[in-house]
Amino acid sequence: MENILRNVKSETRKIQITGIVQGVGFRPFVYNLANSHKLKGFVLNDSSGVTIVVQGKTEDIHSFENELKKTPPPQSKIVSCISKEIESEESFIDFSIRISPAGGKKSAAVSPDLDICPECLKEMLDPVNRRYLYPFINCTNCGPRYTIIQDIPYDRPKTTMYSFKMCKSCQSEYNDPANRRFHAQPNACSECGPHLTLLDSFQNTVLKGRSSSQNQRFFEKVGELLKSGKIIAVKGIGGFHLACDATNETAVSLLRKRKYREDKPFAVMFPDLKSIGKICNVNQPEKDLLESVAHPIVLLKKKTDYNLANSVAPDNHFLGAMLPYTPLHHLIYRFFNKPLVMTSGNISDEPIAYKDEDAVQRLKGIADYFIVHNREIHIRCDDSVYRIWNNKPYPIRRSRGFAPDKIMVDWKFDRHVLACGPEQKNTFALAKDNAVYLSHHIGDMENMEVLKSLEEGVAHYKHVFDIDPEVVAYDLHPDYLSTKYAEDYPNINSNDRKIHKIGVQHHHAHAVSCMVENGINQPVLAIVLDGTGYGTDGTVWGGELLLAEYERFERLGHFQTTGLPGGTAAIKNPWQMGVSYLNEAFGNKLVELNIPFFKEIDTSKLSIILKMLESGMNSPITSSCGRLFDGVAAISGLRPKVNYEGQAAVEFEQCIRDEYEEGYNFPIINEHSKIVLKWDKMIRQLVKDVEKQIPISVISQKFHNGLSNGLLSWASEAQKQTGIKEIVLSGGVFMNHYLLTRLKNALEKKGFIVYTHSVVPCNDGGISLGQAVIASAKLKKMKIE
């Protein structure tokens, strides 16, 4: 027996884990796992992740480590797990969760906010449970994370829950290793936690909700208000939503009028999947995405017997649908079982409101009532928007449920980098080591409120992730607010290091964002199609064929150019672009054309636009593919004006009935050492079809088919010149899934290796990722100390 005991080897090991391991029940999981393997030691959160020290039999430790890696908590994500044997003078008597140490280099990942778990939902709806109807119920598997965290390590004192002292019952759960709320930092109940208040638009208190009976009256009242057509501002996890009955045309139209949002579709929250299925077609990948932890808004095809209010998504075949993801949402649906418009709580073009006083002031002209509460939101975070393409999630807006999850890249950042992003759909990014922390959705940088939101977000990320930029990347456009922010950024950081400010060309950033997320670090071809991007020659780019590397690019080709009459005003007036394309294709003969297009235009305005084009005054040169879509949609008679960016292109794509393989001609020519994709012949062919009164559905499909064919020829010519067959597709035009699918299939059939987006959006929401890598690569190439 004595010999057997001598042969049993014991050791002490230190295990360091990085990734999303804070705020997801990792320490309680480790505690119970260690005890089940009869190990002693401790676990704690620190500024880099989770540290574990275990003491015991070697075979028990090995078994513990294997199970740790194979069956971690469901919401966790282990990036690295480093284990090494150590000498320990301490002999542990048990296994414990220790207090997180202060200080240290911060590199821990922060968990995105989590949807309510099935166990909490069941408890909340159980009349005998002490958290019955409690709208802030949570546990280690669910609840707010990113939006309440003020600093890391993730502990209650470093969240906005710090002011709520747990009652005896909650503290007992928190201390109990067998309880689901063991070390759940936001743990609370109606006795000790946050509570709701219902205000009218004059800030008068209508009701308070604390006890279950009070909450019952509270949500009964909310249900009555929604049934009567009222608009309610609802404070959620990352900010306020504006909610109303999605089946009530009067309520939805009023919300549009008050919010100054004429046509852009509203998102709709449904009580459950079954109710979505009555309105939209939903396949399995879409169901999986709707029910995922992130609970994004998912674009779904409307059914023909769609019966929501017409004003929810006018002139659009798709609907942005989502499911309830917070306890508060589920309680609203317990007393109001209809779809709800759930749109961002803001006036159009402003950032989402997230502070009670600010929300009441900004939204009092929109909302009739306000649901507020006393759990502060530390950082705003708007909903994410996705759709399914090629049976995989395709991001349109990456925000709540995904941010601030770091993106691991195959690139070493020698210096900390801040990428300030573009103007439209702004996100920023901070980077260090081999990680990029892409921000939540900031919005369109068109006013000081959005700039303030950018500043707040950057300050928060710098603090939480311990990043002190030595490199600031920005878009080349001199008038973008994000560029001005970069210019005004200090020239010396807090460590007295010089800050290098590096301008990055817009379409180069698009291309590299796609390269990085696909793990490509070699020269590739890139087709980048969007509306606007400042070119290195001072013109407006947007239909670009590039040879791209991280630190440099070459413009191999571009779309045929034309004037942008009226500058940015042409973006909201596609008819102006229509005139520009017709002028290039027909010259002076355009006034002789017999098409309905000209009946929509005031002759005096037409004369002004033609004079602009002739003189070049306020008509910058553009190669934009986005503007081509606008102009063609206008010429075909679809829409002379738009009320939101990309509206004409969206509606033009949705005209397709998928009945034709024929396409208009987009020839390519070599001009001034560039491969130019010509569209003037296409315009003349399109006009003939309009004159023949060919349906827009046919015109749209012939345009899309022809453009895809032209792009294939474009890429093939570039492949001949370079010998490169790897190609990335990026830019906002590739939100057009008909074009994306057709082009990808055609390229692959021709032997190209095609890379598309799946991590960050192909639109401007993904540009900051590319900016960060390009700036780092340029500086590394320059070998600047």
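Residues numbered from 1 in each chain as written. Predicted model: local features only at pLDDT ≥ 70, side-chain atom pairs only at ≥ 80, totals over all residues. Heavy atoms only, no water.

Caption draft 1: Just helix α14 (residues 506-517), in detail. With twelve residues, α14 extends 17 Å from end C-alpha to end C-alpha; this agrees with the ideal 16 Å at 1.5 Å per step. The buried fraction of α14 amounts to twelve of the twelve residues, a majority that puts the element mostly inside the structure. Where α14 is concerned, the buried positions are His 506, His 507, His 508, Ala 509, His 510, Ala 511, Val 512, Ser 513, Cys 514, Met 515, Val 516 and Glu 517. Sitting at the head of α14, Gln 505 places a side-chain oxygen 2.7 Å from the backbone nitrogen of His 507. At the exit of α14 stands Gly 519, carrying a positive phi of roughly 70 degrees. (Helix = DSSP H or I, 4+ residues; strand = E, 2+ residues; numbered from the N terminus. Expected span 1.5 Å × (residues − 1). Buried < 20%, exposed > 50% of the residue type's maximum accessible area, 1.4 Å probe, protein only. Polar contact = N/O pair within 3.5 Å; in protein donor to acceptor, adjacent residues only side chain to side chain.)

Caption draft 2: Structural view of the pattern of salt bridges. Here the structure, examined in full by the defined rule, presents 33 salt bridges. Between Arg 131 and Glu 173 there is a salt bridge whose closest N-O contact spans 2.6 Å. Linking Arg 131 in the loop between α4 (118-124) and α5 (168-175) with Glu 173 in helix α5, this pair joins segments that are 42 residues apart in sequence. Here the two residues Arg 131 and Glu 173 agree in accessibility, since each one is buried. Among the ionic pairs, Arg 497 bridges to Glu 470, the shortest N-O distance being 3.2 Å. Within this pair, whereas Arg 497 is found in the loop between α13 (481-488) and β21 (500-504), its partner Glu 470 is found in the loop between α12 (448-464) and β20 (471-475), the two being separated by 27 residues in sequence. Its relative accessible area of 41% is what places Arg 497 among the partly exposed residues. Residue Glu 470 is classed as buried on the basis of its relative accessible area of 14%. Through salt bridges with shared partners, one network takes in Glu 11, Arg 13 and Glu 65. (Salt bridge = Lys/Arg side-chain N within 4 Å of Asp/Glu carboxyl O.)

Caption draft 3: Fine view of the sheet that holds strand β19 (residues 429-438). If you trace the four strands from one edge of the open sheet to the other, you get β19-β18-β20-β21, paired in mixed fashion. Across the chains shown, the open sheet's two edge strands, defined by having one partner strand only, are β19 and β21. Going across the sheet, the axis of each strand differs from the next one's by a mean of 60 degrees, ignoring polarity. Looking at chain direction, strand β18 (residues 407-419) and β19 are connected through six bridges and run antiparallel. Among the inter-strand pairings, Phe 413 is bridged to a residue of β19, identified as Asp 433. Relative to the sheet, α13 contacts β18, β20 and β21, its axis offset from that of β20 by approximately 155 degrees. Contacting β18, β19, β20 and β21, helix α23 (residues 767-782) crosses the sheet at an angle of about 75 degrees to β18. (Pairing = 2+ DSSP bridges. Axes fitted to C-alpha atoms, helices over the stretch in contact; angles between N-to-C directions. Contact = heavy atoms within 4.5 Å.)

Caption draft 4: Structural detail: the confidence of the model for the protein. In this model, the protein carries an average pLDDT of 93, and 98% of its residues clear a pLDDT of 70 or more. Note that pLDDT drops below 50 for residues 1-6; the model gives that stretch zero contacts with residues more than four away or on any other chain. (pLDDT = per-residue confidence, 0-100.)

Caption draft 5: Up close: the packing of helix α6 (residues 212-227) against helix α10 (residues 327-335). As a packed pair, α6 and α10 sit with axes 8 Å apart at the nearest point and diverge in direction by 65 degrees. As far as their axial angle goes, α10 and α6 are roughly perpendicular. Crossing angle aside, the handedness with which α6 passes α10 is right-handed. Contacts from Gln 216, Phe 219, Glu 220, Val 222, Gly 223, Leu 226 and Lys 227 in α6 reach Leu 328, Leu 331, Ile 332 and Phe 335 in α10. Partitioning the contact of α6 with α10 into residue classes produces seven nonpolar, two polar and two charged. (Parallel < 35°, antiparallel > 145°, perpendicular 65-115°, else oblique. Left-handed = near helix turned anticlockwise from the far one by under 90°. Nonpolar A, V, L, I, M, F, W, Y, C, P; charged D, E, K, R; others polar.)

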